[in-house]
Every structure is written in C-alpha cells, then in structure tokens.
Amino acid sequence: MASVLEIKELHVEIDGKEILKGVNLTIKQGEIHAVMGPNGTGKSTLAQAIMGHPRYEVTQGEVYLDGEDVLEMEVDERAQAGLFLGMQYPSEISGVTNSDFLRSSINAQREEGDEINLMQFIKQLDKSMEELEMDTDMSTRYLNEGFSGGEKKRNEILQLMMLEPAFGILDEIDSGLDIDALKVVAKGINHLRGDDFGALIITHYQRLLNYITPDNVHVMMQGRIVKSGDKELAERLEAEGYDWIKEELGIEDETIGAE
Ligand SMILES: Nc1ncnc2c1ncn2[C@@H]1O[C@H](COP(=O)(O)OP(=O)(O)OP(=O)(O)O)[C@@H](O)[C@H]1O
Ligand SMILES: [Mg+2]
C-alpha cells in the first residue's frame, strides 16, 4: 500500500518567533508536490521541522507517516522510517568520504547484520554516479568539502538515489544549477518517481518544473499554504510573480515579521 505523509495544522517557532502558522499538506507516494513562495515565508522551516532539526520547535499540529507520529521520532528514526531531506545548504563533513557517508547512511536504515554488501554498494554507486554524470573522484572526496554549489546539489540527488527513501523533501535542489546540471538533477528525481516514492520539492523556479511535472503546486506565504493548484499555477507565478495572490487574499506584505 502506498505510504502517506500527512502534515496537519503545523505551527513552528524559532527562538520564540512563530514562523509556521498552521500548515496542512498531504503527500502520497507516487505524487510530486512543489512548494513555492517568496523568500522568508517558512519553506525551509517546514522541511527542517519535518526532519526534526532541534532549533525548530513544533508548538502545535502533527506530522504522520502512515499514521505513525513523526514528531515523536528521533531524527535518525525519521530517516529510518523513510524520510529524506535534501538541504538548501548541505553541510560539509571533513574527514568523512562521500562514499563512506553513503554506505553508513544506507546501513543505518538496515537491521544489524543485514549491512549492504560492499561490491553491491560499489556497483550501485558507480551506476548512480554515471547516471548523474558525476566525476568518479567525487566518491572519495570528503563530503561536500570544496564541492561547488552545483556539485553539492548533484550529490544530494546521489544520496537520494542510493537511499531510495519513501519520501524526499528537496529544498531548493535546483538553486545555482546550470542548465545541464538542472536536467541531470531532474533525471535523478524522475528516475525515482513511481509508486513507492513521493516528493516535496521546494523551488523558486518554474524551470525545474519543466523537467519534473508536479502533481500539485502549493504557494506558501506568511507561514501558511495559501493556494494550491497544478503546474499551471507555477507557470502563472513565473509569469506574474506573487502580487496577484496577495491581492486575491488581501495579504499586505509577504514577510513573516509584518503582522
Ligand atoms: N535559525 C534561525 N534563527 C532565526 N530565524 C530563523 C532561523 N531559521 C529561519 N529563520 C527565520 O524564519 C523565517 C523563515 O525562514 P525560512 O528559511 O523557512 O524561509 P524560506 O521560505 O525557506 O526562504 P527562502 O526562499 O529565502 O529560502 C525567516 O524570517 C528567517 O529569518
Ligand atoms: Mg529556504
């Protein structure tokens, strides 16, 4: 049966300031949802809160994965349960090679004694890196250290392909990519697309959605999803910006601080 990720009335504070003010979103496996919205409206906050970043305090609401309370899970349990976050700003880890990081991430999702076979891992890694047109030396370099912006993003997709999570939350996976890299990243996501994968893609640009057709597009403003539609909504945002939505909804300023 397809898994479901349900976000219900989610309120999140950072340092005592309310950023998310009641987000509702349901994603089923097999679906790709895009979230768009002006800067600073809480998109990354939503991603971080789902994954359990300690700075993001959930003050109200629920997140369920197949009825299991995600907010009750430790961060590593969320990953084990099948949630993956591709970050807007991936961190660098000196001293840990990309390949070692990937292998331990895969093994962390498996039972003890059922670790991935080394040869099988290497085979899978080579295949995925080839598909993503990555240099082979990227696997032996330290995780993200000295990686260019685009290489970091491609590497996030490599992790996604190797880990095959139930749900991927991809925060600005397209920012800073040249057009060829954008196509490669889209290819990686489309490769995973299917009945046992669901995604939440946070993006500012319609151009990514030219390569990955989303099933649903949502607009986030002032910490809430204020409008949902299909890919035509993304096209209209690209052409006209956000002012028409603000007018339609009577929103005066898109910043969160302005009450
Ligand atoms: N660690 C933090 N400390 C203080 N404020 C924070 C922190 N993280 C986020 N914020 C604030 O929360 C608000 C929402 O930030 P968030 O990163 O979720 O926005 P966003 O929608 O992802 O924006 P962008 O499109 O620029 O990535 C912003 O006003 C931001 O300054
Ligand atoms: Mg962000």
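Residues numbered from 1 in each chain as written. Chains lettered and ligands numbered in written order. Predicted model: local features only at pLDDT ≥ 70, side-chain atom pairs only at ≥ 80, totals over all residues. Heavy atoms only, no water.

A. Fine view of helix H4 (residues 118-131). Relative to the 20 Å expected for 14 residues at 1.5 Å per residue, H4 spans 20 Å between its end C-alpha atoms, a close match to the ideal helical length. Turning to H4, its buried residues number three or more, namely Phe121, Leu125, Ser128 and Met129. Around the axis of H4, the buried residues are gathered within 100° of arc, so they sit on the same side. Across H4 from its buried face, at more than 90 degrees, point the exposed residues Met119, Lys123, Lys127 and Glu130. Against the buried residues of H4 lie helix H3 (98-108) and helix H5 (149-163). Glu133 lies just past H4 and shows a positive phi near 50°. (Helix = DSSP H or I, 4+ residues; strand = E, 2+ residues; numbered from the N terminus. Expected span 1.5 Å × (residues − 1). Buried < 20%, exposed > 50% of the residue type's maximum accessible area, 1.4 Å probe, protein only. Arc of directions from axis to C-beta. Contact = heavy atoms within 4.5 Å.)

B. Focus on the pattern of salt bridges. This model, assessed by the stated rule, comprises 9 salt bridges. Note that Arg55 is salt-bridged to Asp15, the shortest N-O span being 2.5 Å. Of the two residues, Arg55 is situated in the loop between helix H1 (43-51) and strand S4 (56-65) and Asp15 in the loop between strand S1 (4-14) and strand S2 (17-28); the sequence distance between them amounts to 40 residues. Among the residues examined, Arg55 registers a relative accessible area of 49% and is labelled partly exposed. (Salt bridge = Lys/Arg side-chain N within 4 Å of Asp/Glu carboxyl O.)

C. A look at the sheet that holds S2. An order of S2-S1-S4-S5 is seen for the 4 strands of this open sheet, with the pairing classed as antiparallel. One side of each edge strand has no neighbouring strand; the edge strands of this open sheet are S2 and strand S5 (68-69). Alignment of S1 against S2, held across 9 bridges, turns out to be antiparallel. Bridging across to S2, Glu6 finds its partner in Thr26. (Pairing = 2+ DSSP bridges.)

D. Molecular detail of the coordination of the magnesium ion (ligand 2). Every protein donor of the magnesium ion (ligand 2) is listed here as Ser44 (OG) and Gln88 (OE1), and their distances to the metal cover 2.0 to 2.3 Å. Remark: Gln88 occurs in the loop between strand S6 (83-86) and strand S7 (93-97) and Ser44 occurs in helix H1; sequence separation between them is 44 residues. Note on Ser44: relative accessible area 24%, which makes it partly exposed. (Donors = N, O, S within 2.8 Å, 3.2 Å for Na, K, Ca; no water.)

E. The arrangement of the site of ligand 1 in detail. In the region of ligand 1, 15 residues are neighbours, and Gly40, Lys43, Ser44, Thr45 and His204 sit closest. Here an oxygen atom of ligand 1 and a side-chain polar atom of Glu172 are 3.3 Å apart. Expressed as a share of its isolated accessible area of 630 Å², the protein-covered part of ligand 1 is 69%. When residues in the shell around ligand 1 are grouped by element, the largest group, 3 residues, is from H1. By residue class, the composition of the shell around ligand 1 is 3 nonpolar, 8 polar and 4 charged. (Near = heavy atom within 4 Å. Polar contact = N/O pair within 3.5 Å; in protein donor to acceptor, adjacent residues only side chain to side chain. Areas by Shrake-Rupley, 256 points an atom, 1.4 Å probe, with all protein chains shown as cover. Nonpolar A, V, L, I, M, F, W, Y, C, P; charged D, E, K, R; others polar.)

F. How the structure looks around the packing of aromatic side chains. A complete count under the given rule lists 0 aromatic pairs for this structure. Geometry around Tyr205 places Arg207 over its ring, the cationic atom sitting 5.9 Å from the centre. Above the ring of Trp244, the side-chain terminus of Arg236 is found at 3.5 Å from the ring centroid. (Phe/Tyr/Trp six-rings, centres within 6.5 Å; stacked < 30°, edge-to-face > 60°. Lys NZ or Arg CZ within 6 Å of the ring centre and 35° of its normal.)

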